[in-house]
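The lines below spell out each chain.
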Amino acid sequence: MRVRLLILLGIVLMNAVGMSVVLPLLPFLIGKYLPAQQVVMGMSALMSVFAACTFIAAPILGALSDRYGRRKILIISLSGSVAGYVLFGVGGSLWVLFLGRIIDGLTAGNISTIFAYVADSTTSEERTKWFGYMGSVMGIGLLAGPALGGLLGAISLSLPFFVTAGIIFLSGVAVYLWLPESLMNRSHQLTIDSFNVLGHLKRFKDVRLLLTLGVFFYAGLEIFQFNFTIFLKDVYKWGPAYIGRILTLAGVCDILSRALLLPWLLRHRSEKNTGVVGLITLATGLACIVISVYFSSVVLIALAVIFILTGEGLFDPIYNSQLSQSVHESDQGKLQGVNQSLQSCIRVLIPLGAATVYYYSPGGLYTIAAIIIICSVIIHAKNRRYLGHTGSSV
């Protein structure tokens, strides 16, 4: 089991490096086709189209992975990402970028499938730890990718997208050659209802509060993830190189929080208390951004990134572990598909609303994000159906 999980970590690393290479460059690529004042709306539309396609596809891919296995769906998903990033690199007009996002979105099942794979391959006691390791590896990708993207983007805005396509293609080859199938007890029923996200929500009624918690958490986090590079570009007038450096700091914080801080806290505190610490830390980071709007300071920006990424690194693995322990192995794909579908719905709605609020008040946008995370703290505290690790102190 450990060998296959280590192989999966390597695949996640390549995938994370590939995807994060392009992060500092999206506003500048879209700026080739739109006036400066419309770049925010252009990014919103691209992200919303991708999320809408994922909302449709995620429960379908999740159900298919329960029936036909994780490995096949993961290969299909990675292939779609390769095609999408190649189209981004080719570019030429705005509709080509949208086509790339649509293809990538309709095959976007890699994250939920990877999480289902981890759930298949671990016991409930060690699952949070492995979800943390997965996040740490993604953090290493965030560390290396933006720095590489900044260097490649200085040569050509298109080059990083082709590099990303090549790295993700190698990930798919690695899955095909070295990653064995993890699902032993496959679902034998595959009907039209298997692809209905609303039907899954009714079926997983015992998990609704946990999914609601996830909606609040990811909604607050999405505001930061969608807007932060635009915020730095507009408010602090930073270019790709400086944005790449701050995202590198984000990668360092993600690695340390998930690989070192999370295991240490779990040895001394329950998962529930550790989750509260993570959410409060995240809200504090968002508050730092609000203050930085009125008191310009690189230190405040750095503190915001440290707090936000540390908070996310503590809470995200705990949430995914709790989610995976809530259903049987044969339903992991469906539940992870529902989770990804809900996150996609957030990514459709949040960018559109956030762009409007940001236009009138950047500080107001991050105030809303902090309030949303505070609401998630309240929901998390009220969730009595907690599973797994209890720690040495509650």
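Structure first, text after, so check above.
Cut-offs applied
- Residues numbered from 1 in each chain as written.
- Predicted model: local features only at pLDDT ≥ 70, side-chain atom pairs only at ≥ 80, totals over all residues.
- Heavy atoms only, no water.
- Helix = DSSP H or I, 4+ residues; strand = E, 2+ residues; numbered from the N terminus.
- Rg over C-alpha atoms; globule rule 2.2 N^0.38 Å.
- Buried < 20%, exposed > 50% of the residue type's maximum accessible area, 1.4 Å probe, protein only.
- Contact = heavy atoms within 4.5 Å.
- Areas by Shrake-Rupley, 256 points an atom, 1.4 Å probe, with all protein chains shown as cover.
- Lys, Arg positive; Asp, Glu negative; His and termini not counted.
- Charge placed at Lys NZ, Arg CZ, Asp CG, Glu CD.
- Disulfide = S-S within 2.5 Å.
- Phe/Tyr/Trp six-rings, centres within 6.5 Å; stacked < 30°, edge-to-face > 60°.
- Axes fitted to C-alpha atoms, helices over the stretch in contact; angles between N-to-C directions.
- Parallel < 35°, antiparallel > 145°, perpendicular 65-115°, else oblique.
- Left-handed = near helix turned anticlockwise from the far one by under 90°.
- Core = buried A, V, L, I, M, F, W, Y, C linked by side-chain atoms within 4.5 Å.
- Patch = residues over 30% accessible without salt bridge, like charges linked within 9 Å, V, L, I, M, F, W, Y side chains within 5 Å.
- Salt bridge = Lys/Arg side-chain N within 4 Å of Asp/Glu carboxyl O.
- Expected span 1.5 Å × (residues − 1).
- Bend = angle between axes of the 7 residues up to and from the residue.

## Focus: the overall build of the chain
Helix and strand counts for the chain stand at 15 helices and 0 strands. Relative to its length of 394 residues, the chain is compact, with a C-alpha radius of gyration of 20 Å against a globular reference of 21 Å. For the chain, the spread of C-alpha atoms along the principal axes amounts to about 50 × 45 × 35 Å. The buried share of the chain, reckoned over its 394 residues, is 56%. The long-range fraction of contacts in the chain, counting pairs at least 24 apart against all pairs at least 6 apart in sequence, stands at 87%. For the chain, the accessible surface area stands at approximately 15800 Å², while carbon and sulfur atoms represent 69% of it. Of the side chains in the chain, 27 bear a positive and 16 a negative charge, and the two mean positions are spaced by 2 Å.

## What about the state of the cysteines?
Scanning the model with the defined rule gives 0 disulfides in all. Lacking any disulfide linkage, C288 is separated from the closest cysteine sulfur, that of C253, by 12 Å. Cysteine C375 is unpaired, with the sulfur of C345 as its nearest cysteine sulfur at 18 Å. Owing to a relative accessible area of 29%, C375 belongs among the partly exposed residues under this scheme.

## Examining the packing of aromatic side chains
Taken as a whole and assessed by the stated rule, the structure comprises 14 aromatic pairs. Centre to centre, the rings of F228 and F231 are 6.5 Å apart; their planes meet at 10 degrees, and the pair counts as stacked. A residue pair is termed a helical-turn pair when its members lie 3 or 4 positions apart in one helix, as F228 and F231 do in helix 10 (residues 208-235) at 3 residues. Centroid distance Y359 to Y360: 5.1 Å. Interplanar angle 90 degrees. Geometry classified as edge-to-face. Side by side, Y359 and Y360 carry an identical accessibility label, which is exposed.

## A look at the packing of helix 11 (residues 240-268) against helix 13 (residues 298-324)
At a minimum axis distance of 8 Å, the contact between helix 11 and helix 13 shows a crossing angle of 40 degrees. Relative to helix 13, the element helix 11 is oriented oblique. Our pair here, helix 11 against helix 13, has a crossing hand that is right-handed. Taken together, the residues of helix 13 that come into contact with helix 11 (itself represented by I246, L249, A250, C253, D254, S257, R258, L261, L262 and L265) are I301, A302, V305, I306, L309, T310, E312, G313, L314, D316, P317 and I318.

## Let's talk about the nonpolar core
F228, F231 and Y366 are the most contacted members of the largest nonpolar core, which has 92 residues in total. Element by element, the count of residues in this core is highest for helix 10, at 14 residues. In contact with Y366, other than residues within four places in its own chain, are I223, F224, N227, F228, F231, L286, I289 and V290. In this structure, L262, L265, L266 and I318 belong to the second largest nonpolar core, which totals 5 residues.

## A short note on a nonpolar patch on the surface
Taken together, F169, L170, V173, Y176, L177 and W178 make up a surface patch of nonpolar side chains, about 680 Å² in accessible area. Among the structural elements, W178 can be located in helix 8 (residues 159-178).

## Focus on the side chain of T128
Its location among the elements puts T128 in helix 7 (residues 124-155). When near neighbours in sequence (up to four residues on either side) are disregarded, T128 contacts L262, L266, E271, P317, I318 and S321.

## Focus on the environment of L64
Relative to the elements of secondary structure, L64 occurs in helix 3 (residues 39-68). Judged by its relative accessible area of 22%, L64 falls in the partly exposed class. Residues L64 and G333 lie 269 residues apart in sequence; the distance between their C-alpha atoms is 7.8 Å.

## What to know about helix 10
Spanning 28 residues, helix 10 covers 39 Å between terminal C-alpha atoms, matching the ideal 40 Å at 1.5 Å per step. Approximately 50 degrees is the largest bend angle found in helix 10, and it occurs at N227. K237 sits one or two positions beyond helix 10 and adopts a positive phi of about 60 degrees.

## Regarding the environment of M184
Among the structural elements, M184 can be located in the loop between helix 8 and helix 9 (197-203). Overall, M184 belongs to the exposed group, its relative accessible area being 60%.

## Remarks on the pattern of salt bridges
As enumerated under the stated definition, the model contains 6 salt bridges in all. One salt bridge in this structure joins R101 and D104, with 2.9 Å as the shortest N-O distance. Here D104 and R101 lie together in helix 5 (residues 94-106), a separation of 3 residues that amounts to about one turn. Summarising the burial analysis for this pair, R101 and D104 share the class buried. Residue R258 is joined to D316 by a salt bridge in which the shortest nitrogen-to-oxygen separation is 3.4 Å. Pair noted here: R258 is in helix 11 and D316 is in helix 13, with a separation of 58 residues, a long-range link. Just as R258 is buried, D316 falls in that class too. In the salt-bridge network here, residues are joined through shared partners; they are D254, R258, E312 and D316.

## A short note on the environment of I114
Locating I114 in the fold gives a position in helix 6 (residues 110-121). For I114, a relative accessible area of 5% puts it in the buried group. Here the alpha-carbon distance between I114 and I11, two residues 103 residues apart in the chain, equals 9.8 Å. For I114, the residues in contact, after removing those within four places along its chain, are L8, V12, L74 and M134.

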